[in-house]
Structures are given as C-alpha cells and as structure tokens.
Amino acid sequence: MSNRRLVKVVIVDPNENIPLDDCVLYSGDEKLTDSTDQELFFEIDIKGILEAHNDKRVKVIDKRVKERTEHLEPAKIRDLKMVVVNIATF
C-alpha cells in the first residue's frame, strides 16, 4: 500500500485576541509527499515563523484583562495549532 498523498500544512495561533489577518502563521502550498505529518512539520522553519509572529503578538492587547491594558505574551510552539490537511491519497 502506498503512502503517497497530496497535502497542505497550516499553522495558526488560535488565541481569540489575535486578529484574523494575523492568526495564520503558515499556509504551505499543496504538496505530493510520502512523509508523515511529523516529518512535514520538521521541514518548516517554525523558529523563524514564530519569532516573526511574536514580534506582532506582544503588541496585541489581551481583551480578557479588563482593569488595565495588558499585552499578550509571546507564543510557544505548544500554543499553536498545526494541521496537515489530506487533499487526496494515492
């Protein structure tokens, strides 16, 4: 049985305070692969992507804090949602 599939990798910051325009950190091109989901994530420069995102994220106001203005803390990799969408399997 073949493990070939057409996939798209998407990484988002699911925090409600992040504007929709900024919540998608990575949306890869459709790709034909035989790699596992984990292998696909290792192909991405997540460190660089996360650093660029955190530059914006720390300027966003946390709406859950009502009594004072508080900004979000930098995100960690574990805070992100990483999804591999299987478009087709061959």
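Residues numbered from 1 in each chain as written. Predicted model: local features only at pLDDT ≥ 70, side-chain atom pairs only at ≥ 80, totals over all residues. Heavy atoms only, no water.

Peer 1: Just checking my understanding: could you explain the overall build of the chain for this structure?
Peer 2: The helix and strand tally for the chain stands at 3 helices and 4 strands. Listing the helices and strands of the chain from first to last along the sequence gives β-α-β-β-α-α-β. Its C-alpha radius of gyration of 16 Å places the chain more than 25% over the 12 Å reference for a compact globule of 90 residues. When the backbone C-alpha atoms are referred to their principal axes, the chain occupies close to 60 × 20 × 20 Å. The buried share of the chain, taken over its 90 residues, is 31%. Of the contacts made within the chain by residues no fewer than 6 positions apart, 67% connect residues no fewer than 24 positions apart. (Helix = DSSP H or I, 4+ residues; strand = E, 2+ residues; numbered from the N terminus. Rg over C-alpha atoms; globule rule 2.2 N^0.38 Å. Buried < 20%, exposed > 50% of the residue type's maximum accessible area, 1.4 Å probe, protein only. Contact = heavy atoms within 4.5 Å.)

Peer 1: I'm lost on the nonpolar core in this one. Help?
Peer 2: Soluble globular proteins: nonpolar side chains tend toward being buried together. If you look at the biggest cluster of nonpolar residues, it comprises 12 residues: Val7, Val9, Ile11, Leu25, Leu40, Ile44, Ile46, Ile49, Leu50, Ala75, Leu80 and Val84. Secondary structure elements with two or more residues in this core: strand S1 (5-12) and helix H3 (46-57). Those residues in contact with leucine 25, other than ones at most four positions away along the chain, are Ile11, Val12, Asp13, Ile49, Leu50, His53 and Leu80. (Core = buried A, V, L, I, M, F, W, Y, C linked by side-chain atoms within 4.5 Å.)

Peer 1: Before we go on, may I ask you to explain the environment of isoleucine 44 in this structure?
Peer 2: Turning to its location among the elements, isoleucine 44 is positioned in the loop between helix H2 (37-42) and H3. For isoleucine 44 and valine 9, which are 35 residues apart along the polypeptide, the C-alpha to C-alpha distance reads 9.4 Å. Other than its neighbours up to four places away in sequence, isoleucine 44 contacts Val9, Ile11, Tyr26 and Ile49.

Peer 1: Explanation requested: the pattern of salt bridges in the structure shown.
Peer 2: Working definition: two side chains of opposite charge can pair if their charged atoms are close together. A full pass over the atoms with the stated rule returns 8 salt bridges. The shortest N-O distance in the salt bridge between aspartate 13 and arginine 57 comes to 2.7 Å. Linking aspartate 13 in the loop between S1 and helix H1 (20-23) with arginine 57 in helix H3, this pair joins segments that are 44 residues apart in sequence. The same class applies to aspartate 13 as to arginine 57, namely buried. (Salt bridge = Lys/Arg side-chain N within 4 Å of Asp/Glu carboxyl O.)

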